[in-house]
Amino acid sequence: MTVSPLAAWHDRLAALATVLDVAEVPFRSQLTVRVSDPDAIAAMGSALGVPFPSAACTFASGTGRFGDVEVLWLGPGEFLVTASPGLQVTIEEVSRGALGTVGGSVVDTSAQRTTLVLQGPLARQVLAHGCSVDLHPASAPVGTCVQTLLARTGIVLQVTGEDRYTILVRSSFAEYFAAWLSDACAEYLAVA
Amino acid sequence: MQLIPCPWCGPREEAEFHYGGQAHVAYPGDPSALTDEEWARYVFFRENPSGPFAERWSHNAGCRRWFNAVRDTRTHDLLAVYRVGEPMPEVTA
């Protein structure tokens, strides 16, 4: 049986509900794509049904043959494709096909990170306890995707809506992140 | 904490970055022809200016790309950042 990285934390995260809705979305398909050629990027975008983001620190989402797919900008010529669980092998094959003979790589990194969705009016305030990136909508509008440190842990943070964030954290750091999050919420739990 | 402007990600905290020493130290054109002393000069000898200094930095916790920065060693001010392969910009310290 496969156990998600935060399986032991689901109850404790659910107990934060008066401050923040926190939910783990485990086992998402994730593929790291390295490609710089604009034509290959466009071909992969149409194969997955999501145009790859062209601007730094943004992500794109769309629906195609693999359902809802998101493509995150991780660096120049580097992207992370995320989709529903169990699709990584097919997406890898299709992406490699779209890449063709152009230099690049598609690697299944699904096990590397687990996904958490944070939602609530206090979400930004709680994240600010450990994350120095300005998440105010004026500087981080919906569609922003940053890699940064949160309480010394490397994370990928997506702004998916108003007061709604998706955080990808390394599986081995997930429990630390959950513990930190519980601690950061503590002061709001007292008054809630 | 000091913010360092990554050429791709914008200003981020210094803790996200890794220092890479002096920039524009070219690899020897014909390494096998170098004497031990010349190798030692290439490997170990670096400028140590008081003032603007071109350095390599890596945005470790972000886009994980190397870039170059001109830093004033007296004030720790970053005077300019530029991508690898670009010439060092003119700075006024």
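Keep in mind that what you see is a predicted model, and the values were worked out from it rather than measured. (Residues numbered from 1 in each chain as written. Chains lettered and ligands numbered in written order. Predicted model: local features only at pLDDT ≥ 70, side-chain atom pairs only at ≥ 80, totals over all residues. Heavy atoms only, no water.)

Trainee: I would appreciate a short explanation of the overall build of chain B in the present structure.
Mentor: Within chain B, the regular secondary structure consists of one helix and six strands. Taken from the N to the C terminus, the helices and strands of chain B come in the order β-β-β-α-β-β-β. Its C-alpha atoms give chain B principal-axis dimensions of roughly 45 × 30 × 20 Å. In chain B, buried positions account for 35% of the 93 residues. Put simply, chain B shows about 5,700 Å² of open surface, and 51% of that area lies on carbon and sulfur atoms. Taking the 9 positively charged and 13 negatively charged side chains of chain B as two groups, their mean positions are separated by 7 Å. (Helix = DSSP H or I, 4+ residues; strand = E, 2+ residues; numbered from the N terminus. Buried < 20%, exposed > 50% of the residue type's maximum accessible area, 1.4 Å probe, protein only. Areas by Shrake-Rupley, 256 points an atom, 1.4 Å probe, with all protein chains shown as cover. Lys, Arg positive; Asp, Glu negative; His and termini not counted. Charge placed at Lys NZ, Arg CZ, Asp CG, Glu CD.)

Trainee: What am I meant to see in the nonpolar core here?
Mentor: One recurring pattern in soluble globular proteins: nonpolar side chains tend to sit buried together. All names here are of chain A. By size, the foremost hydrophobic cluster in this structure holds 66 residues, and its most contacted members are L13, L20, F52, V81, L157 and L181. The element contributing the most residues to this core is helix 5 (residues 174-191), with eight residues. Of the residues that make up this core, three or more belong to each of domain 1 (7-26 + 113-186) and domain 2 (29-108). Every residue in contact with F52, bar those within four places of it in the chain, is listed here: V33, I41, M44, G45, V71, F79 and V81. Listed in part, the seven residues of the second largest apolar core include L72, L80, C145 and L168. (Core = buried A, V, L, I, M, F, W, Y, C linked by side-chain atoms within 4.5 Å. Domains from an automatic or database assignment. Contact = heavy atoms within 4.5 Å.)

Trainee: What exactly am I supposed to notice about the pairing of strand 1 (residues 21-25) of chain A here?
Mentor: Every regular strand shows the same layout, with side chains that alternate between the two sheet faces. Residue and element names in this part refer to chain A. A one-sided burial pattern is seen for strand 1, the buried positions being V22 and E24 and the unburied ones D21, A23 and V25. Here five bridges tie strand 1 to strand 7 (residues 113-119), and the two strands are oriented antiparallel to one another. Its bridge partner lying in strand 7, V22 is registered against L118. (Pairing = 2+ DSSP bridges.)

Trainee: I keep staring at the side chain of Q88 of chain A and nothing clicks. Help me out?
Mentor: Looking at the secondary structure, you find Q88 of chain A in helix 3 (residues 88-99). Side-chain polar atoms of Q88 of chain A contact the backbone nitrogen of G86 of chain A, separated by 3.2 Å. (Polar contact = N/O pair within 3.5 Å; in protein donor to acceptor, adjacent residues only side chain to side chain.)

Trainee: I would appreciate a short explanation of the side chain of R65 of chain B in the present structure.
Mentor: Summarising the element assignment, R65 of chain B is placed in the loop between strand 4 (52-58) and strand 5 (66-72). Relative accessible area serves as the criterion here: at 13%, R65 of chain B is assigned to the buried category. A polar atom in the side chain of R65 of chain B sits 3.0 Å from the backbone oxygen of P76 of chain A. Apart from residues no more than four positions distant in its own chain, R65 of chain B is found in contact with R34, G75, P76 and E78 of chain A together with W8, W57, S58 and H59 of chain B.

Trainee: I keep staring at the environment of D30 of chain B and nothing clicks. Help me out?
Mentor: Tracing the backbone shows D30 of chain B in the loop between strand 3 (18-22) and helix 1 (36-44). The spatial distance from the C-alpha of D30 of chain B to the C-alpha of C9 of chain B is 37 Å, given a sequence separation of 21 residues.

Trainee: What is the right way to read the sheet that holds strand 1 of chain A from this model?
Mentor: By definition, the strands of a sheet pair up through backbone hydrogen bonds, in either a parallel or an antiparallel sense. Residues and elements named next belong to chain A. Pairing within the open sheet is antiparallel, and its five strands lie in the order 1-7-10-9-8. The open sheet has two edge strands with one neighbour each: strand 1 and strand 8 (145-150). In this sheet, adjacent strand axes meet at a mean angle of 30 degrees when their direction is disregarded. (Axes fitted to C-alpha atoms, helices over the stretch in contact; angles between N-to-C directions.)

Trainee: Got a minute to help me understand the packing of helix 2 (residues 38-48) of chain A against helix 3 of chain A in this structure?
Mentor: When two helices pack together, their arrangement is captured by the angle between the axes and the distance separating the axes. Residues and elements named next belong to chain A. Following both chains from N to C, one finds helix 2 and helix 3 inclined at 145 degrees, their axes separated by 8 Å at the closest point. Seen along the crossing, helix 2 lies across helix 3 with a hand that is right-handed. When helix 2 is examined against helix 3, the residues A40, A43, M44, A47 and L48 are found in contact with a partner set consisting of I91, V94, S95, A98 and L99. Split by residue class, the contact of helix 2 with helix 3 holds nine nonpolar, one polar and no charged. (Left-handed = near helix turned anticlockwise from the far one by under 90°. Nonpolar A, V, L, I, M, F, W, Y, C, P; charged D, E, K, R; others polar.)

Trainee: Help me understand the interface of chain A and chain B, please; the structure alone is not making it clear to me.
Mentor: How big an interface is tends to be expressed through the accessible area that disappears when the partners come together. Counting from both sides, the interface comprises 14 residues of chain A and, opposite them, eleven residues of chain B. Area buried by chain A at its contact with chain B is led by P76, Q147 and L149 of chain A, which between them contribute 43% of it. Counting across the interface, chain A meets chain B through two salt bridges. Here E78 of chain A and R64 of chain B are joined by a salt bridge, their closest N and O atoms 2.5 Å apart. One can count eight residue pairs in polar contact (both at pLDDT 80 or more) joining chain A with chain B. Of all the elements in the fold, those that place two or more residues in the side of chain A that touches chain B are strand 4 (67-75) and strand 8 of chain A. Looking at the side of chain A that touches chain B element by element, the count peaks at four residues for strand 8 of chain A. When the residues that make up the side of chain A that touches chain B are grouped by side-chain class, the tally is eight nonpolar, four polar and two charged. (Buried area = accessible area lost by both parts, 1.4 Å probe. Salt bridge = Lys/Arg side-chain N within 4 Å of Asp/Glu carboxyl O.)

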